[in-house]
Amino acid sequence: MYPQIFSAAKEVDQAFLIILGFAVFILVAVTVAMLYFLWRYDHKRNPHATDIKGSVWLEIIWTVLPTIIVLGLFWTGWTSFKAMRTIPEGAMTVSVEGRMWSWRFTYENGRTSNELVIPVNTPVRLALASRDVIHSFYVPAMRVKWDLVPGMETDAWLQSDTLGDYDIFCAEYCGLKHADMITLLRVLDQEEFDAWLAEGGADEGEDVGLALLKEFGCFDCHSMDLSEDAAPSLLDLGGREQTVVLPDGTEKTIRPDADFIRQSVREPGATLVKGWGDEMPPYGDELSDAQLDAMIAYLLKPDRPDKGQALADELGCLGCHTTDGTDDVGPSFLGLYGSERKGKTADGKPYDLKADDAYLRRAIVEPSANVPEGFDDAMPIYDDLDQATLDQLLGYLKSLAGEGGQ
Ligand code: CUA
């Protein structure tokens, strides 16, 4: 069992243990009595059955005793239920919104997050609402599980006396990615919490658009690499052509632009990417135009390192090049950009070059031209990559540049 970090959880555990204790006691008592009767009244010891007409005392005992036991069990359950349902006066309220398949938490000052962050030793009331189907907000460490029902405002509360991170699950099957509807409950001390609450949504140095995409749970369905299991990938959205199905059923090949993305978020069912169903819930007034624009700007930004990384993975570069500084079949990507490289050209002449844009571009398109010292001429030629792809790979290598880079 998880350790108890919530006072009301103690009552739940107590009810559980009392009920379990009685169940085990009754199981043992019935089994022992049954075995005793088997032995005591077998044919050898009791050749003639006795016809018993009735016993008032026995009937009283087996009516009254179970009634007392059942009422006692009800009482322990009722008191723990009441503890879970009695929300303390002055508890801080956090709105919890569940949707297929993400969680979003909104604080009283307007701060939003995709993780539930709370201060230690403070009662927190959770106002639960669903945008689509029934979900269930479940924190095993708190013994809290409560349904989010569309069109109905429900609530729950919790309080932690221990700092730390705890799992939050969805405990009601809600479709394809139900199992991925997980996030964290983070318990901070009051000071850290106040600082967190006051700051904006993005981590330091993080792109606002990226922070919003995370916060709104976009990545719960859309990937940023080329894997697509629940929804189209968001990788290199502006750079890849997509076939879409227009409302009248005709197909069209487009390169997603800001207008297309905007419509796909506000009215996902209007124009569908071919091969995908109308499953995405529309995002209405919970997402402002400014927020949507920031997301779009991030998605359409041409040289994002994460795009390059996904491409490097997709093209198999990471099979031979590590990103942790250890050389494998090829030199590690970490610190490669901007470093000094010695080696031999294809016709055997030694060279001494800085790994800059031009050098690295050539190393991808024509690897045999400059083979660095200590490595074999083993890299396959990638001369079929277009300029945009090369730019992204270079952007990625730059993001891993060492001291001499940038
Ligand atoms: Cu939401 Cu399962």
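Residues numbered from 1 in each chain as written. Predicted model: local features only at pLDDT ≥ 70, side-chain atom pairs only at ≥ 80, totals over all residues. Heavy atoms only, no water.

Quick notes on the sheet that holds strand 8 (residues 154-158)
By way of backbone hydrogen bonds, the strands of a sheet pair with one another, either parallel or antiparallel.
No. 1: Here five strands make up an open sheet; going across it, the order is 3-2-1-5-8 and the pairing mixed. Because the sheet does not close on itself, it has two edges, and the strands there are strand 3 (112-113) and strand 8.
No. 2: Inspection of the sheet shows strand 5 (residues 124-130) paired to strand 8 by five bridges, in the antiparallel sense. The partner of Leu128 across the bridge, within strand 8, is Thr154. (Pairing = 2+ DSSP bridges. Helix = DSSP H or I, 4+ residues; strand = E, 2+ residues; numbered from the N terminus.)

Notes on the pairing of strand 14 (residues 340-345)
No. 1: Pairing between strand 14 and strand 15 (residues 350-354): five bridges, direction antiparallel. Along strand 15, the bridge assignment pairs Lys342 with Asp352.
No. 2: Remark: four residues form the turn of the hairpin made by strand 14 and strand 15, two consecutive strands paired antiparallel; Gly348 in that turn has positive phi of roughly 90°.
No. 3: In terms of strand pairing, strand 14 meets strand 16 (residues 370-372) through three bridges, oriented antiparallel. When the sheet's bridge partners are listed, Gly343 is paired in strand 16 with Pro372.

Quick notes on the sheet that holds strand 7 (residues 144-148)
No. 1: Taken in spatial order, the five strands make up an open sheet running 4-10-9-6-7, and their pairing is mixed. Of all the strands in the sheet, the pair left with one neighbour each is strand 4 (116-119) and strand 7. Going from strand to strand, the sheet's axes swing by 20° on average, the running direction of each strand aside.
No. 2: Examined bridge by bridge, strand 6 (residues 135-139) and strand 9 (residues 164-170) share two bridges and lie antiparallel to one another. Paired with Tyr138 across the two strands is Phe169, which belongs to strand 9. (Axes fitted to C-alpha atoms, helices over the stretch in contact; angles between N-to-C directions.)

A look at the state of the cysteines
No. 1: According to the stated counting rule, one finds zero disulfides in the structure shown.
No. 2: Here Cys218 stays unpaired: no disulfide links it, and the sulfur of Cys221, its closest cysteine neighbor, is 8.9 Å away.
No. 3: A residue is classified by how much of its surface remains accessible, and Cys218, at 16% relative accessible area, is buried.
No. 4: A disulfide-free cysteine, Cys320 has its sulfur positioned 8.9 Å from the sulfur of Cys317, the nearest such atom. (Disulfide = S-S within 2.5 Å. Buried < 20%, exposed > 50% of the residue type's maximum accessible area, 1.4 Å probe, protein only.)

Here's the deal with a negative patch on the surface
No. 1: Together, Asp189, Glu191, Glu192 and Asp194 give the surface a local cluster of negative charge.
No. 2: Mapped onto the elements, Asp194 comes out in helix 3 (residues 190-198).
No. 3: Overall, Asp194 belongs to the partly exposed group, its relative accessible area being 39%. (Patch = residues over 30% accessible without salt bridge, like charges linked within 9 Å, V, L, I, M, F, W, Y side chains within 5 Å. Areas by Shrake-Rupley, 256 points an atom, 1.4 Å probe, with all protein chains shown as cover. Salt bridge = Lys/Arg side-chain N within 4 Å of Asp/Glu carboxyl O. Lys, Arg positive; Asp, Glu negative; His and termini not counted. Charge placed at Lys NZ, Arg CZ, Asp CG, Glu CD.)

Focus on the packing of aromatic side chains
No. 1: Applying the stated criterion to the full structure yields 13 aromatic pairs.
No. 2: Ring plane angle 45° and centroid distance 5.9 Å describe the contact between Phe37 and Tyr41, whose orientation is recorded as tilted.
No. 3: Through a chain of ring-to-ring contacts, three or more aromatic side chains come together here, namely Tyr36, Phe37, Trp39 and Tyr41.
No. 4: Above the plane of the ring of Trp146 lies Arg85, whose end atom (NZ or CZ) is 4.0 Å from the centre.
No. 5: Its guanidinium or amino end placed over the ring of Tyr138, Lys145 lies 4.6 Å from that ring's centre, counting from NZ or CZ. (Phe/Tyr/Trp six-rings, centres within 6.5 Å; stacked < 30°, edge-to-face > 60°. Lys NZ or Arg CZ within 6 Å of the ring centre and 35° of its normal.)

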